[in-house]
Structure formats: C-alpha cells, structure tokens
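As a plain string of letters, each chain reads:
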Amino acid sequence: MSTAPPPATDESPRSPSRPQPAPVPPRRSPWSALRPLVLRLHFYAGVLIAPFLLVAAVTGVLYAASFQAEEIVYDHELTVPAVGDRELPVSEQIAAARKAHPEGTLSAVRPAPEADATTRVMLSGVPGVDPDHTLAVFVDPYTGEVRGALEQYGSTGALPLRTWIDQLHANLHLGRPGRLYSELAASWLWVVAGGGLVLWCARRRARRKVRGATGRRRVLALHGSVGVWAALGLFFLSATGLTWSTYAGANVTDLRAALHQATPAVSAQVAGGDAGGEHAGHGGAAGGGGAAAGTHGRDVGVDKVLAAARAQGLENPVEIVPPADASSAYVVQQVQRAWPTKQDAVAVDPASGEVTDVVRFADHPVLAKLSRWGIDAHTGVLFGLVNQLVLMALGLGLVLLTVWGYRMWWLRGRAGRFGRPVPRGAWQQVPPLLLVPLMAAVAVLGYFVPLLGIPLAAFVAVDVVLGEIAHRGGKRTYA
C-alpha cells in the first residue's frame, strides 16, 4: 500500500536549484533622512547661539518687569495726590513747565490721560540730556505745580529706569553695534525652537514622560516639555523682534513698502506754505507759552488745537506736537498702544485751527496693524500686566531651556566632560529632491535675515574644513 508524500511546510528543505528572492531593503521615510540634519542644526544652534538667547531672555524679563517698577519709583512725578475740580488749560500748564525749565525747545505735550495723572511737557535740546531723548516736565493739571522733570526716551515715554533696562536688552549699552546681539538672538530663536519642536513630535510618546525618568533622560523630558509649551511664544518673540531689527527689519520695511502696507502718517504740510506765520513753529511755542498759548495773532494756540482734535474723536491719551516750521501744522496723535489700540492722528492748521488731514488707525493696511500689535505685545504694552507676566514666563522658560540644553550636553559626556556633538555628514543622507529645495529656501531666508544666513554659512564652512582635516588624518568625523 503506497502512502502519499507529506505536505510541504515552511520547514521543508528547499531545492538548492531554486533561486532565492533578494531581500528588499526597507524604504527610508523623508523624516528618517532629515532627522540627523535637524538634530545637528538644533545642537549647533543651541550650543553656539544659546549665550545670546540667555542674555536676551534675562534682560527681557527685567524689561517686562520695568513697567510696574517705573510706576512705583516715579510715583511722585506720574501721579497727583488729590484730584481737583477743573483742569487748567494746557497752555497754562505749558507756561508753568517753561517757567521752571526755560532751557531747550518744546517738542511735544501729553495732557494728563487720567484724572490722577500729571501732564508731560517734553523739551528737546536740553543741556545734559541725550540728544535722542527729551526732558519730560511733569505738571499737576489742576494747580500747575511742577512735580519734577525726568529724561524720557521713545514713543512709550520710558523714564530713566525703563530706558536703562531697554537699552540693556536692545544693545547691551553698546550703541548701534550692540544691536547685532539682539538681532542674532531673534534670527536664531525660531530655528532653535522649531528644530526642538520637530524633534519632540518625532519621539515616541513613552520617551516623553518625565515621571520616573532619571539623569539625562529626565533633563531631556523636561527640556522637551517646557519647549513645546513655550514654542508658540518663542516663535512670536522671534518674528516681532526681527520687525524692528537693523538688517532684517530694514528688509521687512522694504517689503511692506513694496506691498503698499507701510504705516500711513498724517501730513503736517500746511497749504500755502506760510499759513502759520513766522511764529507758528518753534519760536513762540518753545518759549513760555508763546504761539502755543495763542499770544501771536496767527497762531490759534494749543488749546484750540486740542479742541479741534477732540472734535475729530481723538480721546485720551494724546500727544500734541507743535509745528516744526512756518509751513507746518500741529500734529495731534493718540498714543494708546494698549488694547483697544488708539492711534488716530490729525493735523491742525495753526493759523485757522482747522483740521487739514486725518489718519485713522482703522484705515491702516493689514500689515501695518499687525506690525503695531506685534511690537506692542513684544514690549508688554498691548495687554498691560497680563502681557508683561506672559513675557516674564516666556523669558524664564527660555532660561530653563538653555540651562537644560547645556546640562544634557554635559551628561552626554564622560568623566565630567561635555559630550560629542551629533556626527557630521547628515546632509548627505537627504534625497536630492528634498535637499535642493531645502537649500534654496535656506538661501532665500538667509538673504532676508542676514544674521541667520551669515552665521549658518560660517558654521557650514567651518564644519566642512574640520571634516576634511579629520578625514585626511584618518580620524573619526566628529566636530
């Protein structure tokens, strides 16, 4: 009796003559090729740019806190002890300020914006005061008492304490060259934050947990968690910081102008060229009331000018700028940058008191509004105390991220030394179809943001040279 052959199984021996299919290599995803490149960029940017970010973060926290400190330190100058029944005409308040401080010329007046606030009379060209600053004379709007005088800087009316911190944050008190530090930090902040965010999202969820982790893994988890929460705010600070930086800011301004998105300005030119007469400008207004007080027949005076602006809906706070010359008008502009923003402006003919031009913030181009709101939020004035607290939290978060980043590098090493960086050559693993557009985008971005493009090019050049030296020396290709 014959038996059937056993059925073939996977364990059955195969005929040696049958060709075996070649193993198919697993397909690499674009991310698997990009990850080493992102990791290396994040590492280098973190190590080399982090000191600038750390300084910007610490000084930024101080600046955000300076608004509240300013109100405490200069309470005597900023507020009046008792609210009176009737405010004096602005012209009389100017006269009181000029009597106490006849030096310099009148550059602007900010009538008391609130019932318990003082009026600021700003003087330019005062001996001993920085040429870019003004001397703010604080006047009680009810009695005309001069409560003090302080050096003032900028459109937000920063007084000495905030001015000092502002300059520390902006340029480390090094003037224009020092601004490169803050622009460098702003140019790279979004790169560091973006790279970290991408790396965090790509990690397995189990490796993102902080509880139970120890050593470098715990620091990495803390670094990633705080970085994710802070990423959106850091992107915002980077973008808004660049809008008024030296080089990238100039490119942003040119781009807005090309797109017809520049911030409109009220025209202070008076029709006829001599409408204000010889005393309409700085002559009488700079004196003890003069043209601003209406003592010259061809100048209606600052009180009627303010009334004309009020009739156009310009509520407090406002700033009145006297005519620059005989062919110029008064300019009255709202200066509230807190929400809701008030930035309407009018020009008033000094001879007739008629409004010659009006610019409404509601009519500003979209990019002009976004720029205004972005800068004001960056400086902590858009939403007041809440805005300042958020900025302080972001600054402290950036400090922690920087410290944790260096800590991870240290823990990666052995025997109390910093660890080795991510190996070079990651770009060689990126497919050309992905690498070429990426390099083109980086080149364009580097052109518009020079303090991103130039250091990046320097990093690449040094990296290539070190790699070639290591290759010829037969050493391992680590930076």
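Refer to the preceding data block for the structure.
Anyway, here's the lowdown on the structure attached to this text. If you're wondering where the values come from, they're calculated on a predicted model, not measured in any experiment.

A look at the overall build of the chain
Here's step 1: Counting its regular elements, the chain contains 13 helices and eight strands.
Here's step 2: Looking at the 479 residues of the chain, the share that counts as buried comes to 44%.
Here's step 3: Long-range pairs, those at least 24 residues apart, make up 62% of the contacts in the chain between residues at least 6 apart in sequence.
Here's step 4: Counting every atom, the chain has about 25900 Å² of accessible surface; 63% of that belongs to carbon and sulfur.

Structural notes on the packing of aromatic side chains
Here's step 1: One pass over the full model with this rule turns up nine aromatic pairs.
Here's step 2: Relative to W373, the ring of W339 lies with its centre 5.6 Å away and its plane at 50°, an arrangement referred to as tilted. A residue pair is termed long-range when its members are at least 10 positions apart, and W339 in the loop between β6 (330–334) and β7 (345–348) and W373 in helix α10 (residues 366–379) qualify at 34 residues.
Here's step 3: Assessed through its relative accessible area of 51%, W339 is described here as exposed.

Focus: the pairing of strand β2 (residues 119–124)
Here's step 1: Of all the six residues making up β2, five are buried; the element is thus mostly covered by neighbouring parts of the structure.
Here's step 2: One ladder, built from five bridges, connects β2 with strand β3 (residues 134–139); its direction is antiparallel. The partner of V121 across the bridge, within β3, is V137.

Some remarks on the side chain of Q93
Here's step 1: Relative to the helices and strands, Q93 is located in helix α3 (residues 90–100).
Here's step 2: Among the residues examined, Q93 registers a relative accessible area of 1% and is labelled buried.
Here's step 3: If near-sequence neighbours (up to four positions away) are discounted, Q93 is found in contact with L88, T119, V121, V139 and P141.

Some points on the nonpolar core
Here's step 1: By size, the foremost hydrophobic cluster in this structure holds 30 residues, and its most contacted members are L53, W188, L189, L234 and L398.
Here's step 2: Of all the secondary-structure elements, those providing two or more residues to this core are α1 (30–73), α5 (179–202), α6 (215–243), α11 (384–412) and α13 (450–472).
Here's step 3: In terms of residues, this core owes the most to one element, α5, which gives nine residues.
Here's step 4: The contact partners of L234, leaving out residues within four places of it in the chain, are L189, A193, L394, L398 and L401.

What about the pattern of salt bridges?
Here's step 1: For the structure on display, the rule yields seven salt bridges.
Here's step 2: With a shortest N-O distance of 3.8 Å, D376 and R337 are connected by a salt bridge. Within this pair, whereas D376 is found in helix α10, its partner R337 is found in the loop between β6 and β7, the two being separated by 39 residues in sequence. Grouping residues by exposure puts D376 and R337 together as buried.
Here's step 3: D344 is the partner of R360 in a salt bridge, and the nearest nitrogen-oxygen pair spans 3.2 Å.

Each value, and the rule that gives it
- Numbering of residues starts from 1 in each chain and follows the order in which that chain's sequence is written.
- Thresholds applied to this predicted model are a pLDDT of at least 70 for local features of residues and 80 or more for the giving and counting of side-chain atom pairs; totals over whole chains, interfaces and linings are not thresholded and use all residues.
- As a rule here, side-chain values come from all non-hydrogen atoms in the structure, and water together with hydrogens is ignored.
- Segments assigned H or I by DSSP are reported as helices when at least four residues long, segments assigned E as strands when at least two residues long, and all are numbered from the N terminus.
- Only protein chains enter the accessibility calculation, which uses a 1.4 Å probe; a residue whose area is less than 20% of its type maximum is buried, one above 50% is exposed, and one in between is partly exposed.
- We call two residues in contact whenever any of their non-hydrogen atoms come within 4.5 Å of each other.
- Here, Shrake-Rupley sampling with a 1.4 Å probe gives the accessible areas, and only protein chains in the shown set may cover a residue.
- By convention, a stacked pair of Phe, Tyr or Trp rings (six-membered ring in the case of Trp) has centres within 6.5 Å and planes under 30 degrees apart, an edge-to-face pair has planes over 60 apart, and any other such pair is tilted.
- Only strands joined by at least two bridges in the DSSP assignment are considered to pair.
- For our purposes a nonpolar core is just a set of buried Ala, Val, Leu, Ile, Met, Phe, Trp, Tyr and Cys residues, chained together by side-chain atoms within 4.5 Å.
- Note on definitions: salt bridges are taken to be side-chain nitrogens of Lys or Arg within 4 Å of carboxyl oxygens of Asp or Glu.

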